[in-house]
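# Report on the structure
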Amino acid sequence: MSCNRLVIDGQLAELESLRYTPAGVPRIEMKIRHASTRYEAGSQRQVQCEIPALALGDVAQHAALLKLGQQVRAEGFLAQRSLRSMQLVMHIDKIILE
């Protein structure tokens with residue numbers, strides 16, 4: 001069995017408006033900005049990144065109520081953006097205000 005699970009704390013940096021797939025499923029795209037200090041190979045390191053993410057269904061409807069700058073914890077998995085793009089995007093299945 002393989003594992004593909006991502007949990008990230010961060011600030012909501014971008015939030016697009018709620019849209020619907022051709023099948024009528026709610027869909028929203030966002031970016032989560034993360035900043036922390038981590039230890040790697042015995043040294044302290046500053047980590048900063050922006051993670052492109054999307055949510056579908058009930059999670060998308062919940063995310064549409066969030067505001068830019070809010071601190072969130074997002075849980076989900078990584079997948080390629082599309083059949084033609086190998087760029088990674090986080091698919092959120094749970095989002096919690098911090």
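The sections below set out a description of the structure shown in this document.

Each value, and the rule that gives it
- Residues numbered from 1 in each chain as written.
- Predicted model: local features only at pLDDT ≥ 70, side-chain atom pairs only at ≥ 80, totals over all residues.
- Heavy atoms only, no water.
- Pairing = 2+ DSSP bridges.
- Helix = DSSP H or I, 4+ residues; strand = E, 2+ residues; numbered from the N terminus.
- Salt bridge = Lys/Arg side-chain N within 4 Å of Asp/Glu carboxyl O.
- Buried < 20%, exposed > 50% of the residue type's maximum accessible area, 1.4 Å probe, protein only.
- Disulfide = S-S within 2.5 Å.
- Polar contact = N/O pair within 3.5 Å; in protein donor to acceptor, adjacent residues only side chain to side chain.
- Contact = heavy atoms within 4.5 Å.

## Here's the deal with the pairing of strand β3 (residues 26-40)
In this sheet, β3 lies alongside strand β1 (residues 6-15) in antiparallel orientation, the contact comprising four bridges. The residue of β3 that forms the bridge with L12 is I32. Strand direction decides the pairing type here: strand β2 (residues 19-20) and β3, joined by two bridges, are antiparallel. Pairing of R19 across the sheet is with R27, part of β3. Between β2 and β3, which pair antiparallel in sequence order, lie five residues; one of them, G24, sits at a positive phi of approximately 90°. The loop that links β3 with its antiparallel partner strand β4 (residues 43-56) comprises two residues; one of these, A41, has a positive phi angle of about 50°.

## Quick look at the pattern of salt bridges
Considering all chains together, one arrives at nine salt bridges under this definition. The partner of R73 in a salt bridge is D9, with the nearest N and O atoms 2.6 Å apart. Here R73, found in strand β5 (residues 71-82), pairs with D9, found in strand β1; they are 64 residues apart in sequence, far enough to count as distant. Exposure remark for R73: the relative accessible area of 32% places this residue in the partly exposed category. A cluster of three or more residues bridged by salt bridges with shared partners is formed by R5, E75 and D93.

## Describing the state of the cysteines
Enumeration over the complete set of coordinates arrives at zero disulfides. The thiol sulfur of C49 is not disulfide-bonded, and the nearest other cysteine sulfur, from C3, lies at 18 Å. You can call C49 partly exposed: its relative accessible area is 30%.

## Here we look at the environment of I28
Relative to the assigned elements, I28 resides in strand β3. Sequence-wise, I28 and S43 are 15 residues apart; in three dimensions their C-alpha atoms are separated by 38 Å.

## As for the side chain of S36
With respect to the helices, strands and loops of the structure, S36 is situated in strand β3. The buried category is assigned to S36, whose relative accessible area is 18%. Within polar-contact distance, the side chain of S36 engages the side chain of H34 at 2.8 Å. Discounting residues that sit within four places of it in the chain, S36 has contacts with R45, Q46 and V47.

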